[in-house]
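# Report on the structure
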Amino acid sequence: MELLAQFIKSVHGYLWGLPMLAVLMGTHLYFTFRLGFIQKKIPKGIRLSFSRDEGQGEGVSPFSALSTALAATIGTGNIVGISAAIAVGGPGAVFWCWITGVFGIATCYSECFLSVKYRVVRGDGTYVGGPMYVMDKVLHQKSGAVLFAVSTILASLGMGSSVQSHSIHAAVTENYAVPPQVTGMAAAVLAGLVMLGGARQIAKVCTYLVPLMSVFYLGGCLALIWINRAYLGETVKVIVESAFSSQSVVGGITGTAVLVGMRTGISKGLFTNEAGLGSIPMAAASARTLSPVRQGLISMTGPFWDTVVMCAITGIAIVSSMLKNPAFYRDAAEDRLCFIAFSELPVDGSKMLSLSLVLFAFATIIGWSYYGECAVQYLWGSKKIIPYRIFYIAAVYLGAVMSLDFVWTVSDLFNLFMVIPNIMCIWMLRKIVIQETCRWVK
């Protein structure tokens with residue numbers, strides 16, 4: 001078993017290395033320029049997400065579809081992931097993570113456009129779609145569609161459920177001695193109650209949960225930035241300068257080569273915003289919308305909120321705290337930087353951050369459950385959704401009581417098997433995306 005784990009870790013490190021990062025960043029850059037820097041339409045996308053001028057049908061509202069995607073996307077990576085990125089890659093990793101989010105907006109728009117354009121209508125009048133439907137119905141690449149769908153299911157059972165419930169237990173035990181069985185049971189029951197209501201119930205919960213948890217967490221970060229406002233200018237300067245030169249803020253933690261910071265920041269950005277993964281399009285396809293372009297503009301605000309806003313503010317909050325209190329961060333573990341920063345708050349920062357982690361992880365659980373259901377619907381139809389929900393809820397419980405290093409690595413591999421066919425799909429249909437977008441987006 002140990003040899004198998006080492007082999008999978010080696011394969012994981014190779015496949016998720018610089019070549020895959022270059023493919024994703026290359027795709028982001030290509031669609032950014034070919035779509036006329038569509039990122040400038042972010043304000044329009046935000047306005048449209050709150051608009052009541054929606055399409056016909058029984059799907060969820062565009063805002064609910066966006067909230068479902070954000071629930072799955074905004075997770076512990078926005079907190080612990082940025083902490084680790086700074087610890088490994090230096091403050092410059094925040095800059096590269098931010099840049100990845102900016103350019104990833106174009107890829108997110110493209111994949112969501114295609115999934116909305118080629119979605120199908122269920123018997124009850126609701127919509128379902130995603131890269132697997134585009135590959136099957138348009139490109140006639142059944143094998144790629146099946147690979148994507150199977151990988152989505154397996155990733156949801158790993159990264160989407162068990163890994164997240166493990167994170168919930170870790171966050172709870174920061175302040176309370178709670179047995180993992182209790183944490184796992186509570187998370188499984190709550191997730192099950194949400195999932196029983198289907199896509200509409202998931203979307204409804206996400207519509208309220210995502211804004212609540214985001215405002216709560218960002219409030220803490222903004223309070224930190226205000227407390228350390230005297231260091232704000234220096235913080236921005238350090239982040240930008242260290243993105244292009246080796247620079248240490250705290251001895252033993254952040255002095256590192258530029259390429260390490262670039263690679264760390266880009267990889268964390270790609271992981272947290274999910275642009276190119278093919279997951280966000282499944283949520284986008286469920287929306288009532290007037291056109292694929294319209295929903296594409298709405299859905300591309302996901303990476304904006306996730307990376308350009310959430311990750312950037314997290315990074316600024318941590319680095320400003322490091323500049324003010326460098327002694328606190330010497331010899332600190334990678335995942336502890338955010339907890340050290342939040343300890344500066346006049347309230348109990350540890351409990352506040354732990355609650356944020358719990359909310360983010362639970363949102364990811366219910367968001368990814370919808371992705372898994374979409375994949376099950378494609379492969380076997382709606383009759384297999386109930387068995388999938390049972391397996392998913394069981395995975396939520398098991399995640400809290402098991403060691404999951406191996407599961408995390410394997411789940412990340414399944415993410416890769418989602419990325420490869422999805423990126424190929426986008427490239428093969430790039431002319432349709434570009435032509436129709438340039439015709440409608442002024």
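This part takes up the overall build of the chain. A count of helical and extended segments in the chain gives 21 helices and two strands. Burial statistics for the chain: of 442 residues in total, 59% are counted as buried. Contacts spanning at least 24 positions in sequence make up 86% of the contacts within the chain whose residues lie at least 6 apart. Summed over all atoms, the accessible surface of the chain reaches about 17500 Å², with 66% contributed by carbon and sulfur.

With 24 residues, helix 15 (residues 301–324) extends 33 Å between its outermost C-alpha atoms, agreeing within 8% with the 34 Å of an ideal straight helix rising 1.5 Å per residue. When you tally the buried positions in helix 15, you get 21 out of 24 residues, the bulk of the element.

With that out of the way, let us pick up the pattern of salt bridges. With the rule as written, the count across this model stands at five salt bridges. Between E436 and K117 there is a salt bridge, with its nearest N and O atoms 2.9 Å apart. Of this pair, E436 sits in helix 21 (residues 430–440) while K117 sits in helix 6 (residues 92–117), and the two are 319 residues apart along the sequence. By relative accessible area, E436 is classed as buried at 19%. Where K142 meets D136, a salt bridge forms, and the shortest distance between an N and an O atom there is 3.3 Å. With relative accessibility at 14%, the residue D136 sits in the buried group.

Another point: helix 14 (residues 292–299). Burial of helix 14 is extensive: seven of the eight residues sit out of reach of the surface. For helix 14, every residue scored as buried is listed here: V293, R294, Q295, G296, L297, I298 and S299. Contact partners of the buried residues in helix 14: helix 3 (42–49), helix 4 (62–73), helix 6, helix 13 (280–284), helix 15 and helix 21.

Before going further, it helps to examine the packing of helix 14 against helix 15. Direction vectors running N to C along helix 14 and helix 15 enclose 5°, while the axes themselves pass 4 Å from each other. Our classification of the angle between helix 14 and helix 15 gives roughly parallel. The residues of helix 15 that touch helix 14, namely those facing L297, I298 and S299, are T301, G302 and P303. For the contact of helix 14 with helix 15, the class distribution of residues is three nonpolar, three polar and no charged.

With that out of the way, let us pick up the packing of aromatic side chains. Tallied over the full model, the rule gives 14 aromatic pairs. Taking 5.2 Å as the distance between ring centres and 75° as the angle between the ring planes, the aromatic pair formed by Y133 and Y378 counts as edge-to-face. You can see Y133 sitting in helix 7 (residues 131–137) and its partner Y378 sitting in helix 18 (residues 349–380), a full 245 residues away along the chain. Each member of the pair, Y133 as well as Y378, is classed as buried. A ring pair is formed by W368 and Y371, whose centres lie 5.2 Å apart and whose planes are at 80°; its orientation type is edge-to-face. Placement of both W368 and Y371 in helix 18 is noted, with a separation of three residues, approximately one turn of the helix. Accessibility expressed as a relative area gives 0% for Y371, which makes it buried. Members of the aromatic cluster, connected to one another through ring pairs, are Y30, F31 and W427. When the ring centre of Y127 is taken as origin, the NZ or CZ atom of R119, which lies over that ring, is 3.7 Å away. Its end group placed over the ring of W226, R229 keeps NZ or CZ at 4.0 Å from the ring centre.

To continue, consider unusual backbone geometry. The phi dihedral of F37 falls on the positive side, at around 50°, and the residue is not glycine. Locating F37 in the fold gives a position in the loop between helix 2 (18–34) and helix 3. Of note, the phi angle at H140 is positive, near 55°, even though the residue is not glycine. Relative to the assigned elements, H140 resides in the loop between helix 7 and helix 8 (142–172). For H140, a relative accessible area of 62% puts it in the exposed group.

Parameters and conventions
Residues numbered from 1 in each chain as written. Predicted model: local features only at pLDDT ≥ 70, side-chain atom pairs only at ≥ 80, totals over all residues. Heavy atoms only, no water. Helix = DSSP H or I, 4+ residues; strand = E, 2+ residues; numbered from the N terminus. Buried < 20%, exposed > 50% of the residue type's maximum accessible area, 1.4 Å probe, protein only. Contact = heavy atoms within 4.5 Å. Areas by Shrake-Rupley, 256 points an atom, 1.4 Å probe, with all protein chains shown as cover. Expected span 1.5 Å × (residues − 1). Salt bridge = Lys/Arg side-chain N within 4 Å of Asp/Glu carboxyl O. Axes fitted to C-alpha atoms, helices over the stretch in contact; angles between N-to-C directions. Parallel < 35°, antiparallel > 145°, perpendicular 65-115°, else oblique. Nonpolar A, V, L, I, M, F, W, Y, C, P; charged D, E, K, R; others polar. Phe/Tyr/Trp six-rings, centres within 6.5 Å; stacked < 30°, edge-to-face > 60°. Lys NZ or Arg CZ within 6 Å of the ring centre and 35° of its normal.

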